[in-house]
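# Geometric and topological summary
Okay, here's what each chain looks like letter by letter:
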There are 2 protein chains.
Amino acid sequence: MHTVVPFSGTDPCTRLSPVLEPAERREFAAAMRDDVLDAVDAAGGDPELVVPEPLDCDQADVPVTVDDRDLSTAVNAALDADAGPTAVVMADLALAEPRTLAALFEADGDVVVAPGRGGGTNALVVRHPDFRVDYHGASFLDHLRAARDAGASVREFDSHRLATDVDEPDDLAELLLHGDGRATRWLRQAGFDLTVADGRVGVERTTSGGDPT
Amino acid sequence: MHTVVPFSGTDPCTRLSPVLEPAERREFAAAMRDDVLDAVDAAGGDPELVVPEPLDCDQADVPVTVDDRDLSTAVNAALDADAGPTAVVMADLALAEPRTLAALFEADGDVVVAPGRGGGTNALVVRHPDFRVDYHGASFLDHLRAARDAGASVREFDSHRLATDVDEPDDLAELLLHGDGRATRWLRQAGFDLTVADGRVGVERTTSGGDPT
């Protein structure tokens, strides 16, 4: 399935600023993006990166579309450009496994919505010509409404892996608990590890990075 | 499937203390428990409440076992008492729908583990005689390890609804976004509503409760 992966690499993951320097956030975001692209590919999808400005990277195998408009406008332009079924998968879903995305692609419904924790929309499948995205605010509820307004059948896709967009410090624990890709390795090599205190799992950084041994 | 639902009603949901009074927490926890019991029943399960002290409630249709030992010991006693397949579903999974639990019950594996956000174990299916629980710490990883050590096949069950144990203020937004049972109605009647600010979904309490109109 044609799968749009929006990605902004200039100043990504700003909510991780308390724990990562700007250059680290760029590296980490790129690792998550590549995990997502690999998972889309392994799930049988055809990924297309949509970015606000040209990338300085070696994602040679993946078509890149540069669109400097806001996220919703850029994604809707990609939906306009392809009359067939199209998925939209965010680039910070580093826990998405191929089987998770394969199940998403196969889920029935004119519009399939995977909510993010906090009411966002982390992944979508669109099979209806009149459905368009609007990522502003609590977009999950808005997308359910928009799908129904368009006369589309709608299905919620229930997945912790897809609900976990990694954009806050607490999310790093989820990656260390459940991940095994580039982004998880990047975190470990940067010195991050799980902690357990008072029955709660957290994350600590035991070193400031450097070459892993 | 025989389904153990551990519940402690005396001082529940202590992490919700910043937003709910003690009596409110008891009411809210009971509403979540009843949502879970209903969902287990509708999914074809046979629920058994396991509580540390006798309940003052009208759950007449549900067998209640009083066991004042710690959670892990009490659950393991319930596993000891039933050689057949047994599920364990936490009483604060107010987003669990019948279809979610039916899929959990039907999932293959000697041990099926549904992780909670933060590394806990929110729901389990146990079909292996040597597997026992230990809810201390990051129990999800411990349970995977314990299952493998017991020679049991193990499967992770990926569900945002089951990953969301409602025990912190942020979790209330998930309930208002995705729930439609007693606990969600209780929250709305207590004056809680979603807010959207700066692209983030939150919760505010607009009244101190009272009779809904």
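Residues numbered from 1 in each chain as written. Chains lettered and ligands numbered in written order. Predicted model: local features only at pLDDT ≥ 70, side-chain atom pairs only at ≥ 80, totals over all residues. Heavy atoms only, no water.

As named in an unreviewed UniProt entry, chain A is 2-phospho-L-lactate guanylyltransferase, taken from Halospeciosus flavus. According to the UniProt record, the Subunit (unreviewed entry) comment for chain A reads "Homodimer." UniProt, in the comment section headed Sequence similarities (unreviewed entry), describes chain A in these words: "Belongs to the CofC family." (UniProt positions renumbered as here; feature names shortened; annotations may be inferred.)

## Side note on the overall build of chain A
Secondary structure summary: chain A contains seven helices and nine strands in total. Expected size for 213 residues packed as a compact globule is a radius of gyration near 17 Å; at 17 Å, chain A falls within 12% of this value. Principal axes of the C-alpha set define a box for chain A whose edges measure 55 × 40 × 30 Å. Contacts spanning at least 24 positions in sequence make up 59% of the contacts within chain A whose residues lie at least 6 apart. About 9,300 Å² of surface is accessible on chain A, with carbon and sulfur atoms providing 45% of the total. Once the 18 positive and 41 negative side-chain charges of chain A are each reduced to a mean point, those two points are 3 Å apart. (Helix = DSSP H or I, 4+ residues; strand = E, 2+ residues; numbered from the N terminus. Rg over C-alpha atoms; globule rule 2.2 N^0.38 Å. Contact = heavy atoms within 4.5 Å. Areas by Shrake-Rupley, 256 points an atom, 1.4 Å probe, with all protein chains shown as cover. Lys, Arg positive; Asp, Glu negative; His and termini not counted. Charge placed at Lys NZ, Arg CZ, Asp CG, Glu CD.)

## Quick look at unusual backbone geometry
Phi is positive for Cys13(A), close to 50°, though the residue is something other than glycine. Relative to the elements of secondary structure, Cys13(A) occurs in the loop between β1 (2-6) and α1 (22-42).

## Considerations on the domain arrangement of chain A
Residues and elements named next belong to chain A. According to the domain assignment, chain A consists of domain 1 (2-163) and domain 2 (172-205). A separation of 24 Å is found between the C-alpha centroids of domain 1 and domain 2. Each partner contributes to the interface: domain 1 provides 15 residues, whereas domain 2 provides twelve residues. Here domain 1 packs against domain 2, burying approximately 1,200 Å² in sum over the two surfaces, 63% of which is carbon and sulfur. Of all residues in domain 1, Phe28, Asp35 and Leu95 bury the most surface against domain 2, accounting for 37% of the area lost on that side. There are three salt bridges connecting domain 1 and domain 2. Its salt-bridge partner being Glu24, residue Arg205 comes within 2.6 Å of it at the nearest N-O pair. Joining domain 1 to domain 2, the criterion identifies nine residue pairs in polar contact (both at pLDDT 80 or more). (Domains from an automatic or database assignment. Buried area = accessible area lost by both parts, 1.4 Å probe. Salt bridge = Lys/Arg side-chain N within 4 Å of Asp/Glu carboxyl O. Polar contact = N/O pair within 3.5 Å; in protein donor to acceptor, adjacent residues only side chain to side chain.)

## A closer look at the sheet that holds strand β3 (residues 64-66) of chain A
All names here are of chain A. Ordered by their spatial adjacency, seven strands build an open sheet running β3-β2-β1-β4-β6-β5-β7, and the pairing between neighbours is mixed. Among the strands making up the open sheet, the edge pair consists of β3 and β7 (154-156). Ignoring strand direction, the axes of neighbouring strands in this sheet form an average angle of 20°. Taken together, the three bridges between strand β2 (residues 46-51) and β3 define a ladder with parallel strand orientation. Counterpart to Leu49 in the pairing with β3 is Val64. Its contacts with the sheet place α1 against β1, β2 and β4 (86-89), and it is angled at close to 150° to β2. (Pairing = 2+ DSSP bridges. Axes fitted to C-alpha atoms, helices over the stretch in contact; angles between N-to-C directions.)

## Here we look at the relation of the copies chain B and chain A
Superposing chain B onto chain A takes a rotation of 180° combined with a translation of 0.0 Å along the rotation axis, leaving an RMSD of 0.0 Å. Here the symmetry operator amounts to a two-fold rotation axis. The share of interface residues of chain B whose copies in chain A are also at the interface is 100%, consistent with both copies meeting through the same surface. (Least-squares fit on C-alpha atoms with pLDDT ≥ 70 in both.)

## Considering the sheet that holds strand β3 (residues 64-66) of chain B
All names here are of chain B. Pairing within the open sheet is mixed, and its seven strands lie in the order β3-β2-β1-β4-β6-β5-β7. Two strands in the sheet have a free side with no partner beyond their single neighbour: β3 and β7 (154-156). Here the average twist between neighbouring strands, direction ignored, is 20°. Examined bridge by bridge, strand β5 (residues 111-115) and strand β6 (residues 121-126) share five bridges and lie antiparallel to one another. Its bridge partner being in β6, Val112 is matched across the sheet by Val125. The strands touched by helix α1 (residues 22-42) are β1 (2-6), β2 (46-51) and β4 (86-89); relative to β2, the strand with the most contacts, the crossing angle is about 150°.

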